[in-house]
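Architecture at a glance
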Amino acid sequence: MTVHAPGTGRRPRAAVAMSPDAASAVLAPESLDAFRRVCDLAPLPVLDDLSGPRAASVLGDVELLITGWGCPPLDADVLRAAPRLRAVVHTAGSVRGHVTDACWERGVEVSSAAAANALPVAEYTLAMILLSGKRVLERARDYRAARVRGNWLRTSRGVGNYRRTVGILSASLIGRRVVELLRPHDVEVLLHDPYVSDAEAAELGVENLALPELFARCDTVSVHTPLLPATRHLVGRALIEAMRPDAVLINTSRGAVVDQDALTDAVLAGRIRAVLDVTDPEALAPDHPLWDCEHALITPHLAGSEGNEWRRLADLALAETTRWASGSGFLHPVRRERLAFLA
């Protein structure tokens with residue numbers, strides 16, 4: 001299929017702007033070939049510095065930037081060097097690190113692959129909800145140590161996922177996907193999101209609660225709110241102390257949404273358990289007590305796209321580029337007025 005820059009009858013001029021490592025991970029050779037069929041792609045290497053002479057020569061006629069992790073800020077100086085820039089297609093989630101006010105003021109259209117990146121995070125979350133409910137990791141550890149299977153008929157009634165109550169903090173892209181993935185399971189799903197109406201909550205099949213009630217009622221709470229000034233330490237000591245004994249807190253969002261000290265105190269005391277794909281800071285100090293705590297599982301920020309999942313990001317960005325070049329507009333646009341609610 002031949003596509004053209006909107007209204008011009010030709011393919012748009014494009015360039016890739018991200019770190020070389022990000023480009024190597026996300027843009028496999030076949031993905032780059034697919035982009036070349038859709039747009040007139042500037043020759044590699046990718047742009048990871050937008051201030052040098054090579055960048056100036058490339059940016060002069062670029063209409064579309066394909067961005068990723070490590071893309072420098074697209075500030076006023078960069079836009080002056082790119083007078084024809086009209087769109088940015090981001091191959092990752094958040095655009096806060098590189099799309100600046102200067103882009104919005106020019107009217108640059110922006111798309112993000114956040115919807116694609118949400119899928120593996122939601123899958124990780126579902127897995128951890130089910131594994132922690134069954135206490136799989138702890139019981140496997142005990143089995144490995146004893147080399148003898150315990151008496152399964154004496155398993156505590158607190159173990160298992162039947163009628164477990166799961167709380168979702170924020171109906172974000174990821175939070176909504178987790179709700180969908182939980183539907184086939186015999187669990188009750190509760191939500192806290194002040195921007196979701198009762199009608200919308202009913203459509204999602206969840207009950208929307210006040211934040212303290214969510215933490216008090218749930219066996220598992222999964223955090224999916226973006227880190228914004230208003231959400232820093234949103235999950236504070238009072239909420240953590242209100243959780244049920246042996247409840248599980250899962251955080252795949254950003255470490256600073258949770259008060260790390262308050263969480264550490266509760267987990268070390270054995271009151272609750274924690275599954276943390278993110279921490280504050282990231283990573284924790286080597287001597288932090290959570291590393292060796294049996295009630296905490298810490299993973300290295302791996303819930304998002306990795307390995308073969310990077311191809312999904314490239315495929316979504318390619319589809320967005322194709323739509324924009326054909327004049328159809330983005331299916332996954334990022335709106336300036338929504339930035340206050342996005343990661």
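Because the structure is predicted, anything quoted here is derived from the model rather than measured.

Considering the overall build of the protein
Each helix and strand counted, the protein has 13 helices and 12 strands in total. The C-alpha extent of the protein, read off along each of the three principal axes, is 70 × 45 × 35 Å. Residues classed as buried in the protein amount to 50% of the 343 residues present. Taking the contacts inside the protein whose residues are at least 6 apart along the sequence as the reference set, 66% of them involve residues at least 24 apart. In the form shown here, the protein has an accessible surface area of approximately 16500 Å², with 53% of it arising from carbon and sulfur atoms. When the 38 positive and 42 negative side-chain charges of the protein are each reduced to one mean point, those points stand 5 Å apart.

What to know about the sheet that holds strand β2 (residues 40–41)
Strand order in the open sheet formed by five strands is β2-β1-β3-β4-β5, with parallel pairing between adjacent strands. Whereas interior strands pair on both sides, the edge strands pair on one side only; in this sheet they are β2 and β5 (109–112). Of the pairings in the sheet, the one linking strand β1 (residues 13–17) to β2 comprises two bridges and is parallel in character. Each residue of the ladder has a partner; that of Ala14, found in β2, is Leu41. Its contacts with the sheet place helix α13 (residues 310–325) against β3 (64–67), β4 (87–90) and β5, and it is angled at close to 160 degrees to β4.

A look at the UniProt feature "domain: D-isomer specific 2-hydroxyacid dehydrogenase catalytic" (unreviewed entry) in the protein
In the numbering used here, UniProt assigns the feature "domain: D-isomer specific 2-hydroxyacid dehydrogenase catalytic" (unreviewed entry) to residues 59–327. Within residues 59–327, the helical portion is 37% and the strand portion 15%, while the C-alpha atoms at the span's ends are 22 Å from each other.

Things to note about unusual backbone geometry
Between Asp280 and Pro281 the backbone carries a cis peptide bond, its omega angle lying at 5 degrees. When you line up the elements, Pro281 lands in the loop between β11 (273–276) and β12 (296–298). For the bond running from Glu282 to Ala283, omega is 5 degrees, close enough to zero to count as cis. Mapped onto the elements, Ala283 comes out in the loop between β11 and β12. In this model, Asp246 sits at a positive phi of 70 degrees, which is unusual for a non-glycine residue. Summarising the element assignment, Asp246 is placed in the loop between α11 (237–242) and β10 (248–251).

So, the pairing of β1
Across the five residues that make up β1, a large majority, five, are buried. Of the two faces of β1, the one lined by Arg13, Ala15 and Ala17 and the one lined by Ala14 and Val16 are each fully buried.

Notes on the side chain of Thr279
Here Thr279 shows up in the loop between β11 and β12. Relative accessible area serves as the criterion here: at 7%, Thr279 is assigned to the buried category. A distance of 2.7 Å separates the side chain of Thr279 from the backbone oxygen of Pro281, its partner in a polar contact. Leave out the neighbours within four places in its chain, and Thr279 touches Gly255, Gln260, Leu284 and Ile298.

Considerations on the pattern of salt bridges
Taken as a whole and judged by the stated rule, the model has 22 salt bridges. A salt bridge links Arg10 to Glu63; the shortest N-O distance between them is 3.0 Å. Remark: Glu63 occurs in the loop between α3 (53–59) and β3 and Arg10 occurs in the segment before β1; sequence separation between them is 53 residues. With a shortest N-O distance of 3.6 Å, Glu294 and Arg141 are connected by a salt bridge. Taken together, the positions of Glu294 in the loop between β11 and β12 and Arg141 in helix α7 (residues 136–146) put the pair 153 residues apart, joining distant regions of the chain. A residue is classified by how much of its surface remains accessible, and Glu294, at 49% relative accessible area, is partly exposed. Judged by its relative accessible area of 29%, Arg141 falls in the partly exposed class. In the salt-bridge network here, residues are joined through shared partners; they are Arg135, Glu138, Asp246 and Arg273.

The rules behind the values
- Residues numbered from 1 in each chain as written.
- Predicted model: local features only at pLDDT ≥ 70, side-chain atom pairs only at ≥ 80, totals over all residues.
- Heavy atoms only, no water.
- Helix = DSSP H or I, 4+ residues; strand = E, 2+ residues; numbered from the N terminus.
- Buried < 20%, exposed > 50% of the residue type's maximum accessible area, 1.4 Å probe, protein only.
- Contact = heavy atoms within 4.5 Å.
- Areas by Shrake-Rupley, 256 points an atom, 1.4 Å probe, with all protein chains shown as cover.
- Lys, Arg positive; Asp, Glu negative; His and termini not counted.
- Charge placed at Lys NZ, Arg CZ, Asp CG, Glu CD.
- Pairing = 2+ DSSP bridges.
- Axes fitted to C-alpha atoms, helices over the stretch in contact; angles between N-to-C directions.
- UniProt positions renumbered as here; feature names shortened; annotations may be inferred.
- Polar contact = N/O pair within 3.5 Å; in protein donor to acceptor, adjacent residues only side chain to side chain.
- Salt bridge = Lys/Arg side-chain N within 4 Å of Asp/Glu carboxyl O.

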